[in-house]
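Tertiary structure, described
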Amino acid sequence: NVLGRLATEWRIVEPASDNGVAHFDALLRLRKNCDPADIVAELEAQGRERTAPTYLTLSNWALSQQWAGQYLPAVRKWEKAKALAHELFPERGLQFFELRAYGPALSLVGRNDEAVAIADELVARSRAGGRAELISHLLLAARVLAEAGRKEPAAELLEEAEALLSAEPSPSPTTLAAL
């Protein structure tokens, strides 16, 4: 029992946060050598396939596969994670870092329309929330649009990012390098 072994080893019996995400995430980070397939299989066997721990495992697994260059399997995990996120957290769906990874992954496997939709969601949510990362999200969306062959909208986003950057008193080195 993977979850039981982890819980015993780290003295965490069940995720204790309201949405089950924070503590399970900490558990996964402590034990990176666990196979996510084993965790998902065990959660499914327990009838917990529609829970925050399953969503988190799928999201972390998708990121791992994407970083390893395994884009098609990563996209399949992202699809499942996205469906769960919208079911469990209808007010937000995927988190910002997940959208930043999922959109480009879709683009890399040639699913450009879906990638553009994810990039649009990322920018819209950034604008609505006054996110400090708006410039980097605009740049990511511009890249996804350009890869989809939508040069004019991509150029508009780049111009917007440049205008925001010009208005910033001291942009970060990362933001400057991205431009």
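Every value quoted in this text rests on a predicted model; they were computed, and no experiment measured them. (Residues numbered from 1 in each chain as written. Predicted model: local features only at pLDDT ≥ 70, side-chain atom pairs only at ≥ 80, totals over all residues. Heavy atoms only, no water.)

**Observations regarding the overall build of the protein chain**
We apply this condition: Put simply, DSSP H or I for four residues or longer makes a helix, DSSP E for two residues or longer makes a strand, and each gets a number counted from the N terminus. Burial classification: accessible surface area is computed with a 1.4 Å probe over protein chains only, and a residue below 20% of its type maximum counts as buried, one above 50% as exposed, and the rest as partly exposed. By the convention used here, residues are in contact when the closest approach between their heavy atoms is within 4.5 Å. All accessible-area figures derive from a Shrake-Rupley calculation using a 1.4 Å probe, and residue coverage is judged against the displayed protein chains alone.
When helices and strands are tallied, the protein chain shows ten helices and zero strands. Counted from the first residue to the last, the protein chain has its helices and strands arranged as α-α-α-α-α-α-α-α-α-α. Classification of the 179 residues of the protein chain by burial places 41% in the buried group. Taking all contacts inside the protein chain whose residues are at least 6 apart in sequence as the whole, residues at least 24 apart take part in 55%. Within the structure as shown, the protein chain displays about 9,600 Å² of accessible surface, and the carbon and sulfur contribution to it stands at 54%.

**Considering the packing of aromatic side chains**
Formally: Here a Phe, Tyr or Trp ring, Trp counted by its six-membered ring, pairs with any other such ring whose centre lies within 6.5 Å, and the pair is stacked when the planes are under 30 degrees apart, edge-to-face when over 60, and tilted otherwise. Whether a charge lies above a ring is judged from NZ of Lys or CZ of Arg, which has to be within 6 Å of the ring centre and within 35 degrees of the ring normal.
Evaluation of the coordinates by the stated rule reveals two aromatic pairs. Judged by centre distance (5.6 Å) and plane angle (65°), the ring pair of Tyr55 and Phe89 falls under edge-to-face. Taken together, the positions of Tyr55 in helix α4 (residues 52-67) and Phe89 in the loop between α5 (71-88) and α6 (96-108) put the pair 34 residues apart, joining distant regions of the chain. Neither Tyr55 nor Phe89 differs from the other in exposure class; each is buried. For the pair Trp78 and Tyr102, a centre-to-centre distance of 5.9 Å together with 35° between the ring planes defines the contact as tilted. With Trp78 in helix α5 and Tyr102 in helix α6, the pair connects residues that are 24 residues apart, well separated along the chain. Per residue, the accessibility class of Trp78 equals that of Tyr102, and both read buried. A cation over an aromatic ring shows up here: Arg92 above the ring of Phe89, its NZ or CZ 4.2 Å from the ring centre. We note Arg125 situated over the ring of Phe96; from NZ or CZ to the ring centre the distance is 5.0 Å.

**Things to note about the environment of Ile39**
Relative to the helices and strands, Ile39 is located in helix α3 (residues 36-45). In sequence terms Ile39 and Pro53 are 14 residues apart; their C-alpha atoms lie 9.0 Å from each other.

**Overview of the pattern of salt bridges**
What counts here: Salt bridge, as used here: a side-chain nitrogen of Lys or Arg that lies within 4 Å of a carboxyl oxygen of Asp or Glu.
This structure, assessed with the given rule, holds seven salt bridges. Between Glu114 and Arg111 there is a salt bridge, with the nearest N and O atoms lying 2.7 Å from each other. A salt bridge links Arg150 to Asp113; the shortest N-O distance between them is 2.5 Å. One end of the pair, Arg150, is in the loop between α8 (134-147) and α9 (151-167); the other, Asp113, is in helix α7 (residues 112-129), with 37 residues separating them in the sequence. Its relative accessible area of 32% is what places Arg150 among the partly exposed residues. Accessibility expressed as a relative area gives 54% for Asp113, which makes it exposed.

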